[in-house]
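# Working through the structure, step by step
What follows is the residue order along each chain.
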2 protein chains.
Amino acid sequence: MTVRNIKLTLEYDGTNFLGFQRQKRGRTVQAELEKALQRVLQEKVKLIPAGRTDSGVHARGQVISVKTSSRLPVTRFVPALNRVLPKDIAIKRAARVSDDFHARYWAQRKIYRYHILTGAYHSPIERRTTTYCPYALNVTLMRKGAKLLTGTHDFRSFQARAIDDKSTVRTIYRLSISQKGRELFFTVEGNGFLYNMVRNLVGTLLLLGRGKITLSDLRKILSGRDRRLAGPTAPPQGLSLEKVFYPRSGAAPKRRK
Amino acid sequence: MTVRNIKLTLEYDGTNFLGFQRQKRGRTVQAELEKALQRVLQEKVKLIPAGRTDSGVHARGQVISVKTSSRLPVTRFVPALNRVLPKDIAIKRAARVSDDFHARYWAQRKIYRYHILTGAYHSPIERRTTTYCPYALNVTLMRKGAKLLTGTHDFRSFQARAIDDKSTVRTIYRLSISQKGRELFFTVEGNGFLYNMVRNLVGTLLLLGRGKITLSDLRKILSGRDRRLAGPTAPPQGLSLEKVFYPRSGAAPKRRK
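The following refers to the structure shown.

Scoring rules and cut-offs
- Residues numbered from 1 in each chain as written.
- Chains lettered and ligands numbered in written order.
- Predicted model: local features only at pLDDT ≥ 70, side-chain atom pairs only at ≥ 80, totals over all residues.
- Heavy atoms only, no water.
- Helix = DSSP H or I, 4+ residues; strand = E, 2+ residues; numbered from the N terminus.
- Rg over C-alpha atoms; globule rule 2.2 N^0.38 Å.
- Buried < 20%, exposed > 50% of the residue type's maximum accessible area, 1.4 Å probe, protein only.
- Areas by Shrake-Rupley, 256 points an atom, 1.4 Å probe, with all protein chains shown as cover.
- Contact = heavy atoms within 4.5 Å.
- Buried area = accessible area lost by both parts, 1.4 Å probe.
- Salt bridge = Lys/Arg side-chain N within 4 Å of Asp/Glu carboxyl O.
- Nonpolar A, V, L, I, M, F, W, Y, C, P; charged D, E, K, R; others polar.
- Phe/Tyr/Trp six-rings, centres within 6.5 Å; stacked < 30°, edge-to-face > 60°.
- Lys NZ or Arg CZ within 6 Å of the ring centre and 35° of its normal.
- Expected span 1.5 Å × (residues − 1).
- Core = buried A, V, L, I, M, F, W, Y, C linked by side-chain atoms within 4.5 Å.
- Polar contact = N/O pair within 3.5 Å; in protein donor to acceptor, adjacent residues only side chain to side chain.

### Focus: the overall build of chain A
Along chain A, the regular secondary structure elements total five helices and 10 strands. Taken over the C-alpha trace, chain A has a radius of gyration of 19 Å; the compact-globule value for 257 residues is 18 Å, and the two agree within 12%. Here the C-alpha coordinates of chain A stretch approximately 60 × 40 × 35 Å along the principal axes. Expressed as a percentage of the 257 residues in chain A, the buried residues total 54%. Element-wise, carbon and sulfur atoms account for 49% of the exposed surface of chain A, whose accessible area totals about 12,600 Å².

### Notes on the interface of chain B and chain A
Many authors give the size of an interface as the accessible area that is lost as the parts come together. On the side of chain A, 25 residues touch chain B, which itself brings 25 residues to the contact. Taken as a group, Tyr121, Pro124 and Ile125 of chain B account for 34% of the area that chain B buries against chain A, more than any other trio of residues on that side. Joining chain B to chain A, the criterion identifies four salt bridges. For the salt bridge of arginine 128 of chain B with aspartate 13 of chain A, the shortest nitrogen-to-oxygen distance reads 3.1 Å. Those elements that place two or more of their residues in the side of chain B that touches chain A are strand E1 (4–12), strand E3 (58–68), helix H2 (77–84) and strand E4 (89–97) of chain B. The leading source of residues in the side of chain B that touches chain A is E4 of chain B, at four residues. Split by residue class, the side of chain B that touches chain A holds 10 nonpolar, six polar and nine charged.

### Some words on the packing of aromatic side chains
This structure, assessed with the given rule, holds 10 aromatic pairs over all chains. Its guanidinium or amino end placed over the ring of tyrosine 121 of chain A, arginine 182 of chain A lies 4.0 Å from that ring's centre, counting from NZ or CZ.

### Overview of helix H4 (residues 197–209) of chain A
Residues and elements named next belong to chain A. With 13 residues, H4 should cover 18 Å at 1.5 Å per step; its first-to-last C-alpha distance of 18 Å lies within 8% of that length. Most of H4 sits out of view: 13 of its 13 residues are buried. Looking one or two residues past H4, glycine 211 carries a phi angle of roughly 85°, positive in sign.

### Overview of the nonpolar core
Judged by nonpolar contacts, the single largest core of 72 residues is most densely connected at Leu33, Leu81, Phe158, Phe186 and Tyr246 of chain A. Residues Tyr12, Ala36, Phe77 and Val202 of chain B belong to the second largest nonpolar core, which totals 71 residues.

### Structural notes on unusual backbone geometry
Even without glycine at this site, asparagine 196 of chain A takes up a positive phi of about 65°. Within the secondary structure layout, asparagine 196 of chain A lies in the loop between strand E9 (183–190) and H4. Even without being a glycine, glutamine 42 of chain B presents a positive backbone phi close to 60°. Here glutamine 42 of chain B shows up in the loop between helix H1 (29–41) and strand E2 (48–49).

### Considering the side chain of threonine 130 of chain A
Residues and elements named next belong to chain A. Inspection of the secondary structure assignment puts threonine 130 in the loop between strand E5 (109–117) and strand E6 (131–132). A residue is classified by how much of its surface remains accessible, and threonine 130, at 0% relative accessible area, is buried. In terms of polar contacts, threonine 130 uses its side chain to reach the side chain of histidine 122, at 2.9 Å. Among the polar contacts listed, one links the side chain of threonine 130 to the backbone oxygen of glutamate 126, at a separation of 2.7 Å. Beyond its immediate stretch of four places on either side in the chain, threonine 130 contacts His115, Leu117, His122, Gln237 and Gly238.

What follows is the structure, given as structure tokens:
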């Protein structure tokens, strides 16, 4: 019996989920996926995600890996799973990967996007995937703040919960803010993210854009390594996990502790 | 007591409405708007829409006119109404207009947009505002069909219900199809639209794109003036009323019968 390791790329609308990770009670992406996988593969499976997303957070490029002894051809995974999955989850791609591939440990970089709408009203049509900010924002200043946060830093001030024995040093390769009419897109690319880190970075940059804090304050927040210094956690609906990068070769990357 | 005529431009997510027009039972855009207007203006009002939209159809640029004796400054309409409206309706703009302005009779042109997604899966995030088409489409051929439908024609074949004593001649100024990756946008601009006309045009052009009918068939469908000849009505969720055009001057346009 051949056991294959399958990598699946997926999109979901996080609105009606309590988050990715299975819980005792409540609807989760993991539970829906495992139910669909079990139905299609005719065996119990346990999936491994690149990362968990919180309640209300979306994904356009979440990745999971699943080991299966089913003989279903890899080309059949996308249509077979989409036929049984609920409408708010879809499989975009499926590929067979090496047996030691692990969606979480092998992830080298991730891109998150945070979508904000400013102006006189919140868009009814976009309301599930955007966060409304009624305040005028100084985008030039926010970009300076974004530049300050880019690079390798101890992001402890932007971590929701302190877990003392784990490193809170991460590298942000890119933190760009693009503007299109009344829309703002934050694109954050990094080698890993602490719990709620992207939403805390965005919440703090919004304070900067509103003039509630200065660049000098932002510098102090970063160096202070204390969550109480940073701004509020931006709401989940504006956030989406866009892409997860893996090494091209089959060689496993060095594991971050 | 001064009675003012106010023009309001609005956006709504049609997903959870039985359509625009008030009905005995069920949630409608009109009923929600009139409830909000009554609360803000402290008087009973009756609104006039540029046009009705069906159950599930969205609007990014619907227009209504409302007469009121309230003294609320026109600049307060947007924030005051948005404060009491449900999340799936928003007022974008408010302006005082001449007393004889009538959102329906004065409408000169309207733009509708129909959004289609092709490819291997339907997007969970976009599912409420797009129609999924799993078939390969010949966009070049569809554009030829769109050109054929542009202009002044008797569109009786694309009307849901025949109302014998009314003219079914309309002018389509533009019917363009733009493609962006796996997305297709139909933009239809016309001087007026029969019931379900845009959805029937799109449904028929999709048959053309799939190779189910030819350009010659399309010509016969148009000239046949019979609803049974045309393709199926495309689903409502892909459709949005984007913009309504009114004459710039205060002069009322000639009324179409």
